[in-house]
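Structural description and commentary
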Amino acid sequence: MKVLVIGGGPGGYVAALRAAQLGAEVTLVEKKAIGGTCLNVGCIPTKVLLHTTELYQTILQGKNIGLKTASINIDWLALQQRREQVVQRLVTGVGFLLKKAHCQVLTGVARLTGTNKVTVTADNGKVSNLTFDRIIIASGSEPVHLPLPGLDLPEVIYSDAALQLEEIPESMLIIGGGVIGVELASVYQALGTRCIVVEMLPQILPNLDEELAVGIRTHLTALGTEIYTSAQVLNCKSATNGVTVQVKTQQGELQFTVNKVLAAVGRRPATSDLGLKEAGVQLDKAKIKVNEYLETSVPGIYAIGDAIGGIMLAHVASAEGIVAAENALGAR
């Protein structure tokens, strides 16, 4: 049986490997890099930066536990090189696993043209027409773009760019106090950046227990992070040394002039360019609708991970990838 997996993230490559274990002839299509958001511009590179900044802060506070250091500095270039090395090592490892399992990997953009037909457009424009018995969609997610005035300024960045800045900014305003915003605030505040977090809801990390959110807020505040909850960014305007951000807070409207603005208000399913409607796959806004077997409204087409909404975490996508592969191949 021929199985196509669209997307090479933690859901997609796990689904491909499981399908191959079950005897399928597997093709995986990834438009960017194997490993998806998690390995390339999400969990892994963020944790690399967090690890170094946590060590840095520990050493700075070493006198409290009997450690003395003459001086310590962050080598930003070396840290960025390490981030790239860690990412590349893991991406290469996943590629090796796929090759060992005899999965064919294609680089390009996949689009459904029927219930079992797909076109794959490579970077050079070459289009391949392919046919499969089963399709598993693991297209992942993308950052949410708010329709606010000024968010198209070059100083406004998203999480992937925030991990790859050429230098440490002096100041950064972060729109969104969720996991992504708080993690990157932790990184850059520890590096000496003045960080300002603006969260629309009454607490940061709204999906966590209040006790945890309060503890993390206390930690960030101790580092020097300014946090505004029940607050809203109104607009961004270009300034001489960066960008001026207008923020509506409980204390009234405030203005902040910063070097960078990080928009981290969440992610949404990346499903807009897959030809789903044309193939008859039903959507709930951007989310692909699936049944208890992770099968879509079209028999033989399955969907997993961020593409179906729910909890957007790598291990959830991986577990769903195994379930979808087994169901697709009749192992249920």
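As a starting point, this report considers the structure included with it. This one's a predicted model, so the numbers in the text were calculated from it and none came from an experiment.

1. With respect to the layout of surface pockets
Taken as a whole, the second largest pocket holds about 360 Å³ of empty space. Along its surface, the second largest pocket is lined by 17 residues, and Leu50, Glu54, Ser186, Ile216 and His219 are the ones closest to its centre. Counting residues per element, the ones that place at least two in the lining of the second largest pocket are α3 (43-60), α6 (179-190) and α7 (210-223). Partitioned by chemical class, the residues of the lining of the second largest pocket number nine nonpolar, six polar and two charged.

2. Considerations on the packing of aromatic side chains
Under the criterion given, the structure shown has two aromatic pairs. The interplanar angle of 55° and the centroid separation of 5.9 Å between the aromatic rings of Trp76 and Tyr188 together place this pair among those described as tilted. Of this pair, Trp76 sits in helix α4 (residues 76-100) while Tyr188 sits in helix α6; the two residues are 112 residues apart in sequence, bridging distant segments of the chain. Taken as a pair, Trp76 and Tyr188 share a single burial class, namely buried. Between the NZ or CZ atom of Lys2 and the centre of the ring of Phe132, over which it lies, the distance is 5.6 Å.

3. What to know about the environment of Arg194
Here Arg194 is to be found in strand β11 (residues 194-198). The sequence separation of Arg194 and Thr225 amounts to 31 residues, and the corresponding C-alpha distance is 6.7 Å.

4. Some remarks on the sheet that holds strand β10 (residues 171-175)
Spatially, five strands are ordered β9-β16-β10-β11-β12 in an open sheet, and the strand pairing comes out parallel. Lying at the two open borders of the sheet, with one neighbouring strand each, are β9 (156-157) and β12 (226-228). For β10 and strand β16 (residues 260-263), the ladder comprises four bridges, and the chain directions are parallel. Paired with Met172 across the two strands is Lys260, which belongs to β16. Sitting on the sheet, α6 is in contact with β10, β11 and β16, with an inclination near 165° to β11.

5. Observations concerning the nonpolar core
Leu98, Leu112, Ile135, Ile136 and Ile137 are the most contacted members of the largest nonpolar core, which has 48 residues in total. A per-element tally of this core places helix α1 (residues 12-21) first, with seven residues. Non-local contacts of Leu112, meaning those with residues more than four positions away in its chain, are made with Ile6, Lys117, Val118, Ile135, Ile137, Leu274, Gly275, Leu276, Ala279, Val281 and Ile301. By size, the runner-up hydrophobic cluster in this structure holds 27 residues, among which are Leu163, Met172, Ala185 and Ala213.

6. A few points about the pattern of salt bridges
Taken as a whole and judged by the stated rule, the model has seven salt bridges. One salt bridge in this structure joins Arg111 and Glu278, with 3.2 Å as the shortest N-O distance. Of this pair, Arg111 sits in strand β4 (residues 109-112) while Glu278 sits in helix α8 (residues 276-279), and the two are 167 residues apart along the sequence. Among the residues examined, Arg111 registers a relative accessible area of 32% and is labelled partly exposed. Note on Glu278: relative accessible area 59%, which makes it exposed. One salt bridge connects Asp284 with Lys287, and the closest N-O pair in it is separated by 3.9 Å.

Cut-offs used in this document
Residues numbered from 1 in each chain as written. Predicted model: local features only at pLDDT ≥ 70, side-chain atom pairs only at ≥ 80, totals over all residues. Heavy atoms only, no water. 1 Å grid on protein atoms, 1.4 Å probe; cavity = no way out; pocket = protein on both sides within 12 Å on 5 of 7 lines; lining within 4 Å. Points joined across faces, edges and corners; volume = space filled by probe spheres on them. Helix = DSSP H or I, 4+ residues; strand = E, 2+ residues; numbered from the N terminus. Nonpolar A, V, L, I, M, F, W, Y, C, P; charged D, E, K, R; others polar. Phe/Tyr/Trp six-rings, centres within 6.5 Å; stacked < 30°, edge-to-face > 60°. Buried < 20%, exposed > 50% of the residue type's maximum accessible area, 1.4 Å probe, protein only. Lys NZ or Arg CZ within 6 Å of the ring centre and 35° of its normal. Pairing = 2+ DSSP bridges. Contact = heavy atoms within 4.5 Å. Axes fitted to C-alpha atoms, helices over the stretch in contact; angles between N-to-C directions. Core = buried A, V, L, I, M, F, W, Y, C linked by side-chain atoms within 4.5 Å. Salt bridge = Lys/Arg side-chain N within 4 Å of Asp/Glu carboxyl O.

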